[in-house]
Amino acid sequence: MNSDEAIAVEHLSKEFRIPHDRKVTMYEHIVGILKGGKYSYELFQALDDVSFTVRRGETFGVIGPNGSGKSTLLKILAGVLYPDSGRVQVNGKIAPFLELGVGFQPDLTAKENIFLYGSIMGLTRKEIGKRYDEILDFAELRRFENMKLKNFSSGMAVRLAFATAIQTDPDILLVDEVLAVGDEAFQRKCSEKIEEIRRQGKTIIIVSHALGTVQELCERCMLLKNGRVLSSGETGKVVEEYLRISAAGS
Ligand SMILES: Nc1ncnc2c1ncn2[C@@H]1O[C@H](COP(=O)(O)OP(=O)(O)OP(=O)(O)O)[C@@H](O)[C@H]1O
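Residues numbered from 1 in each chain as written. Predicted model: local features only at pLDDT ≥ 70, side-chain atom pairs only at ≥ 80, totals over all residues. Heavy atoms only, no water.

Here we take up the environment of Ile114. Within the fold, Ile114 resides in helix H3 (residues 110-120). Not counting chain neighbours up to four residues away, the residues in contact with Ile114 comprise Ile128, Tyr132, Ile135, Leu136, Leu160 and Thr164. (Helix = DSSP H or I, 4+ residues; strand = E, 2+ residues; numbered from the N terminus. Contact = heavy atoms within 4.5 Å.)

As structure tokens, then:
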């Protein structure tokens, strides 16, 4: 891996098993086995031979239709999921801001979650304590610091997760659709924060359906479809390609 690269991904593939019939209760499982039925499932290729690199200090976008493998890719980069094959090399500390719930515990309060996430990210209690007020202020959740996360609305949980992730001194920030959740004012605040982090020379990977934002923030991006890289390079060109395949319905 070159020293000017933050992330290098080579030939990454990931399959999921999709069960044919869903057995929920123990009774259904036992009846299934007594009937001699095997667990039948089909394999679904969520990522198929994906390779790319992200340079240090670059803001890199990942775009593509629903189900094309974008979130699966970020989860593998964050170490939340393992790939079946391929190699991921990361140069620096990653702060994942992924879908709701990753890294956060519903039965803990906002305060406990902030300290938990911070310590997972390698900060000491003292360091987290120093940033605690800023996290709550950015998320605008001061009144709810002692409420359990499971009682938060999804928008509140997103605000807390994003506010915490950006305070953990990451070298690489992974952002999955933060700009599509939260209300208008919070989205604007997040965009400004991402821009500020970008100016500090950090590496950012953004997954988003908001093509305008991707064009505004990302120098380069990658288009995924059915788990494969259809195109990658200068953002304008890749977005054009995406619009072309969307219009053609292909
Ligand atoms: N844990 C899982 N088990 C089975 N299938 C999964 C699992 N996670 C994801 N998938 C499937 O893998 C495919 C890719 O999902 P992924 O969430 O990565 O897509 P995406 O590009 O982020 O989609 P979207 O734009 O809708 O968020 C989807 O078809 C999804 O149903």
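All residues in the neighbourhood of the ligand are listed as Phe16, Phe44, Ala46, Pro65, Asn66, Gly67, Ser68, Gly69, Lys70, Ser71, Thr72 and His209. A distance of 2.8 Å separates an oxygen atom of the ligand from a polar atom in the side chain of Asn66. At 2.7 Å, a side-chain N or O of Lys70 approaches an oxygen atom of the ligand. Contact with the protein chains hides 63% of the accessible area of the ligand, taken as 640 Å² for the molecule alone. Elements represented by at least two residues in the shell around the ligand include exactly strand S2 (41-55) and helix H2 (70-78). Broken down by element, the shell around the ligand gets its largest block of residues, 3 residues, from H2. (Near = heavy atom within 4 Å. Polar contact = N/O pair within 3.5 Å; in protein donor to acceptor, adjacent residues only side chain to side chain. Areas by Shrake-Rupley, 256 points an atom, 1.4 Å probe, with all protein chains shown as cover.)

Summarising burial for strand S8 (residues 220-225): 6 of the 6 residues are buried, a large majority. On S8, burial covers both faces: Arg220, Met222 and Leu224 on one face and Cys221, Leu223 and Lys225 on the other are all buried. Across 4 bridges, the pairing between strand S3 (residues 59-63) and S8 is parallel. Pairing of Phe60 across the sheet is with Arg220, part of S8. In this sheet, strand S9 (residues 228-234) lies alongside S8 in antiparallel orientation, the contact comprising 6 bridges. (Buried < 20%, exposed > 50% of the residue type's maximum accessible area, 1.4 Å probe, protein only. Pairing = 2+ DSSP bridges.)

Moving on, we get to the side chain of Ser68. With respect to the helices and strands, the residue Ser68 is situated in the loop between S3 and H2. Ser68 gets classed as buried once you look at its relative accessible area, which sits at 1%. A distance of 2.7 Å separates the side chain of Ser68 from the backbone oxygen of Pro65, its partner in a polar contact. Residues contacting Ser68, with those up to four places away along its chain left out, are Ala46, Leu224, Lys225, Asn226 and Gly227.

Let us look at the sheet that holds S2. Spatially, the 3 strands line up as an open sheet ordered S2-S1-S4, and their pairing is antiparallel. The open sheet is flanked by S2 and strand S4 (85-90), the only strands paired with a single partner. Taken pair by pair, the neighbouring strands of this sheet meet at an average axis angle of 25°, ignoring direction. With 5 bridges connecting them, strand S1 (residues 5-19) and S4 associate as antiparallel partners. Across the sheet, Val9 pairs through a bridge with Val88, a residue of S4. Along the sheet face, H2 touches S1, S2 and S4 and points at about 120° away from the line of S1. (Axes fitted to C-alpha atoms, helices over the stretch in contact; angles between N-to-C directions.)

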